[in-house]
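Residue strings, one per chain:
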Amino acid sequence: MVSLGAKGWVSLPFDPELKRWAERANHYAESAMSDPALAQWWVCENTWFVGVDALNNDSVGTLPDGTALPKALARDLSNSFGVYPFHKAQVSVATPGYPKPRVGESEAGFRYRLNRAAAHVDGVKPEGPERRRMIKEPHAYVLGLPLNDAPPEAAPLVVWQGSHEIMRRAINDALSPHPTETWGDVDITDIYQAARREVFETCPRVPIHARPGEGYLMHRLSLHGVAPWQGPDHGDRRIAYFRPAMTSAQDWIEQS
């Protein structure tokens, strides 16, 4: 079993099977990064490869050459969160100079990316011309698996520790007056933004670093983002992310 506890995240210890998976996944990540069909995922003036669904794994995380994730990891995930099929993993790659402005990003948006790591809760998406926030992609957890050995200062994931409970309380307050079957269509923008401000004022911002063979699990409601690159001015940082889909916004807010 895995407990995310009061922090809302936990490190996964080194596992040689996981290192083998990461080494093979890194090979497929390199192919995805240079694939013309995925070129649209190079953003922020080519300092970030967003890499959505870019890793060609199957529903249990096995790679095309048959390299599988450790059975112990799969068992712990299913025992802790339930059984959820994996999507094709995101391959998130940052390079020296991240962040640069993203095409169409406002000055305020870029400042937020630079100063607040573009902090967000996954699954809460801007909808419509007014970009109102709604729960459109509920998922069970966030599993991050480093694919290369990058330094801690190389655009790490940052998490506002303990933020998941603040976000849960606030979003639940916004949703509770509405029938549960409509929760995915409820505008939670105002209370979501207010909760972010509370998190920034009360929760420590913690950078998370791991090497191939290690990893980390983050609560799906944790506020998080990507810090600016402050490492060496060469190489890159590569992480595979799994966010298995949940069936409903109600499960997303109510499950532990």
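Before reading on, note that the structure itself is shown above.
Residues numbered from 1 in each chain as written. Predicted model: local features only at pLDDT ≥ 70, side-chain atom pairs only at ≥ 80, totals over all residues. Heavy atoms only, no water.

A.B. asks: Would you take a moment to explain the environment of Asp-185 for this structure?
C.D. replies: In this fold, Asp-185 is placed in the loop between helix H4 (163-175) and helix H5 (189-202). Between the alpha carbons of Asp-185 and Glu-254 there is a distance of 17 Å; along the sequence they are 69 residues apart. (Helix = DSSP H or I, 4+ residues; strand = E, 2+ residues; numbered from the N terminus.)

A.B. asks: Can you help me understand the pairing of strand S4 (residues 90-94) in this one?
C.D. replies: Consecutive residues of a regular strand have side chains that alternate between opposite faces of the sheet. Counted residue by residue, S4 has 5 buried out of 5 residues, so it is predominantly covered. Neither face of S4 is open: one carries Gln-90, Ser-92 and Ala-94, the other Val-91 and Val-93, and all of them are buried. In this structure, strand S3 (residues 48-49) lies alongside S4, joined through 2 bridges in antiparallel fashion. Bridging from a neighbouring strand, Trp-48 pairs with Ala-94 of S4. Bridge count for S4 against strand S12 (residues 237-242) is 5 bridges, and the pairing is antiparallel. Across the sheet, residue Val-93 finds its bridge partner in S12, namely Arg-238. (Buried < 20%, exposed > 50% of the residue type's maximum accessible area, 1.4 Å probe, protein only. Pairing = 2+ DSSP bridges.)

A.B. asks: Would you mind going over the pattern of salt bridges with me for this structure?
C.D. replies: The tally for this structure, following the rule as stated, stands at 12 salt bridges. Between Arg-24 and Asp-65 there is a salt bridge, with the nearest N and O atoms lying 2.7 Å from each other. Separated by 41 residues along the polypeptide, Arg-24 in helix H1 (residues 16-33) and Asp-65 in the loop between S3 and helix H2 (71-81) bring together distant segments of the chain. Residue class for Arg-24 comes out partly exposed when judged on its relative accessible area of 32%. With its nearest N and O atoms 2.6 Å apart, the salt bridge here joins Asp-185 to Lys-136. Here Asp-185, found in the loop between H4 and H5, pairs with Lys-136, found in the loop between strand S6 (132-135) and strand S7 (142-146); they are 49 residues apart in sequence, far enough to count as distant. Note on Lys-136: relative accessible area 33%, which makes it partly exposed. (Salt bridge = Lys/Arg side-chain N within 4 Å of Asp/Glu carboxyl O.)

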